[in-house]
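Fold and contact review
For reference, the chains in residue letters:
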Amino acid sequence: MLGRYDTGRPGPTVVCIAAIHGNEPAGLSAISRVLARLRERDVPLRGRLVGVTGNRRALALGRRYVDRDLNRRWTPENIARIAQGAVETAEDQETRELLAVFLPLLRHGPVSFIDLHSTSSLSTPFSCMADVLRNRPLALALPIPVVLGLEEVIEGSMLGYLCDLGHVGVAVEGGQHDDPRTIDFHESALLLMLVAAGSLEPRHVPDLAAHRARLAAAGDGMPAVCEIRHRHVVRAEDEPFVMAPGFVNFQIVERGQVVAEDRRGPVRAPETGIMMLPRYQGQGDDGFFIARPVTRNALRLSAALRTLRLDVLVPYLPGVSRDPERADHFIADPAIARVAVKEVFHLFGYRHVRARAERLVFSRRSPAARPVLPAELAPLLRAGEETTEG
Ligand SMILES: [Zn+2]
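Residues numbered from 1 in each chain as written. Predicted model: local features only at pLDDT ≥ 70, side-chain atom pairs only at ≥ 80, totals over all residues. Heavy atoms only, no water.

1. Focus: the packing of helix H8 (residues 180–196) against helix H9 (residues 208–219)
Heads up, the rule is: The angle between two axes is taken between their N-to-C directions and runs from 0 to 180 degrees, where each axis is a line fitted to C-alpha atoms and a helix contributes only its stretch in contact. Starting at the N terminus, helices and strands are each numbered in turn, a helix being any DSSP run of H or I of at least four residues and a strand any DSSP run of E of at least two. Throughout this description, any angle smaller than 35 degrees is read as roughly parallel, any larger than 145 degrees as roughly antiparallel, any in the 65 to 115 degree range as roughly perpendicular, and the remainder as oblique. Rotating anticlockwise by less than a right angle from the far helix to the near helix defines a left-handed crossing, while the corresponding clockwise rotation defines a right-handed one. Any two residues whose heavy atoms approach within 4.5 Å at even a single point are treated as in contact. Each residue gets one of three labels, nonpolar for Ala, Val, Leu, Ile, Met, Phe, Trp, Tyr, Cys and Pro, charged for Asp, Glu, Lys and Arg, and polar for the others, Gly among them.
The N-to-C vectors of H8 and H9 enclose an angle of 125°; their axes lie 9 Å apart at closest approach. Classed by the angle they form, the pair H8 and H9 counts as oblique. Crossing of H8 over H9 shows left-handed handedness. Between H8 and H9, the contacting residues are Asp184, Phe185, Glu187, Ser188, Ala189, Leu191, Leu192 and Val195 on the first element and Leu208, His211, Arg212, Arg214, Leu215 and Ala218 on the second. Classifying every residue of the contact of H8 with H9 by side-chain character gives eight nonpolar, two polar and four charged.

In structure tokens form, the structure reads like this:
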């Protein structure tokens, strides 16, 4: 744990994590700044702010990860294995340590998780969230672009797991790893989100307007919200995968444009859209993502439809049926369910798409607002109680 600020006043629990990728230390400096500021001014924060270091072993080495990407391992199966004590890699150990910090907090109700990242290439700051309504107030409090759907297309992200348990999760990409402004942007984002969460009142942050202006200037001219349409996966047999030089986040690319080179030759953009997270560092299987802007109206419409619970109509869409194995998954036959079906699924937050025998399987992050402790965490819970008693 990096630090904790708790004045004993009732209120929300906000957990801010940084360096879950060990080569992204900027967020740690920002959390330390905010904690120091709260202590110095004796700010009457409601609830508690907990600052957490993500991948400590990779951080010590200045690498993204030691054995495995710590932000791709949070699947229920993997967590169950680690909770039962099967710790095989450095990142398994890191996961266990993080769970030990999170678990006492998760037991006491909803937690807002803020995960601070930085990028290898120069970038405008932006936030990412799974597309569930409870994540929107925190993410939309920041005057920087919100990217929907990254959490859903990446398997095993920490926020994805925590969000499926019913908690709030927003990730902030603050800019380039070594750019000093990245720390500033993270600091501003954290303060604005503490106000949005109800931890702080605006009067507790006298320079709030300056923090908002700093982020707004950085996000100027960018779409307010965009959604991920495509993830280019780099498989082991595709290596060496090399991005063409010069791509930055939010850069427009045309369908068919050569954006990278891999073992089989040129890699082209599959559709016209916005380039996101081009891989210029050597590690990881995310080559790049293609996004496109979402209008404010589409966002409002999706909120209204979900509040009205019109998603009960999803199984009646043409070519769509409920997955017999999992009631919260839907199967679409692409021959009947045309492009529009995908758009409708997006409105209801179904952004995780997998192909299964020429059918598309849609699923989403759990919209349930009541956090639950899943069965796979039970062994850790028991271990924690034994430690406390002993
Ligand atoms: Zn990262």
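2. Some remarks on the layout of surface pockets
If a probe as big as a water molecule is rolled over the atoms, it shows which places are left empty. To keep things clear, this is the line we draw: Both cavities and pockets are sets of points on a 1 Å grid over the protein atoms alone; in a cavity a 1.4 Å probe fits but cannot get out, in a pocket the set is open with protein on both sides within 12 Å along at least five of seven lines, and lining residues sit with an atom within 4 Å of a point. Grid points are joined across faces, edges and corners, and a volume is the space filled by probe spheres set on the points.
By volume, the largest pocket is sized at about 1,100 Å³. In this structure, the largest pocket is lined by 43 residues; those nearest its centre are Asp164, Asp328, Arg364, Arg365 and Ser366. Per-element accounting of the lining of the largest pocket gives the leading share, three residues, to helix H7 (residues 158–164). Residue composition of the lining of the largest pocket, by class: 17 nonpolar, nine polar and 17 charged.

3. Side note on the nonpolar core
Heads up, the rule is: By convention a nonpolar core is built from buried Ala, Val, Leu, Ile, Met, Phe, Trp, Tyr and Cys residues, the set being connected through side-chain atoms within 4.5 Å. Remark: exposure states derive from per-residue accessible area (1.4 Å probe, protein chains only) relative to the maximum for the residue type, with buried under 20%, exposed over 50%, and partly exposed in between.
Formed by 41 residues in total, the largest nonpolar core has its most connected members in Leu38, Leu49, Ile114, Leu142, Met193 and Leu200. Counting only elements with at least two residues in this core, the list comes to strand E2 (13–18), helix H1 (26–40), strand E4 (111–119), helix H5 (136–140), strand E6 (146–148), strand E7 (168–176), H8 and H9. Tallying contributions element by element places H8 first for this core, with eight residues. In this structure, Leu49 is in contact with Gly3, Arg4, Tyr5, Val14, Cys16, Val34, Leu35, Leu38 and Leu194, ignoring residues within four places of it in sequence. Ranked by size, the runner-up nonpolar core spans 39 residues in total, among them Val15, Ile17, Ile79 and Val147.

4. As for helix H3 (residues 76–83)
Among the eight residues in H3, six count as buried, and that is most of the element. Along H3, the positions that sit buried rather than exposed are Asn78, Ile79, Ala80, Arg81, Ile82 and Ala83. Of the residues flanking the end of H3, it is Gly85, one or two places downstream, whose phi is positive at about 100°.

5. Points about the domain arrangement of the protein chain
For an interface, size is often stated in terms of accessible area lost upon the parts coming together. Our working definition: The split of the chain into domains comes from an automatic or database domain assignment. The quantity reported as buried area is the accessible area (1.4 Å probe) lost by two parts once they are put together, taken as the sum for both. Any carboxyl oxygen of Asp or Glu that lies within 4 Å of a side-chain nitrogen of Lys or Arg is treated as forming a salt bridge with it. Distance and chemistry together define a polar contact, namely a pair of N or O atoms within 3.5 Å, with one atom able to donate a hydrogen and the other to accept it when in protein, and with adjacent residues in sequence counting only for side-chain atoms on both sides.
Partitioning the protein chain into structural domains gives domain 1 (3–225) and domain 2 (228–294). Distance from the C-alpha centre of domain 1 to the C-alpha centre of domain 2: 25 Å. Between domain 1 and domain 2, roughly 1,600 Å² of surface is buried when both sides are summed, and carbon and sulfur atoms account for 63% of that area. At the boundary of domain 1 and domain 2, one finds one salt bridge. Summed over the shared surface of domain 1 and domain 2, the number is four residue pairs in polar contact (both at pLDDT 80 or more). Looking at the side of domain 1 that touches domain 2, the elements with two or more residues in it are E6 and helix H6 (150–153). In the side of domain 1 that touches domain 2, the residues fall into twelve nonpolar, six polar and four charged.

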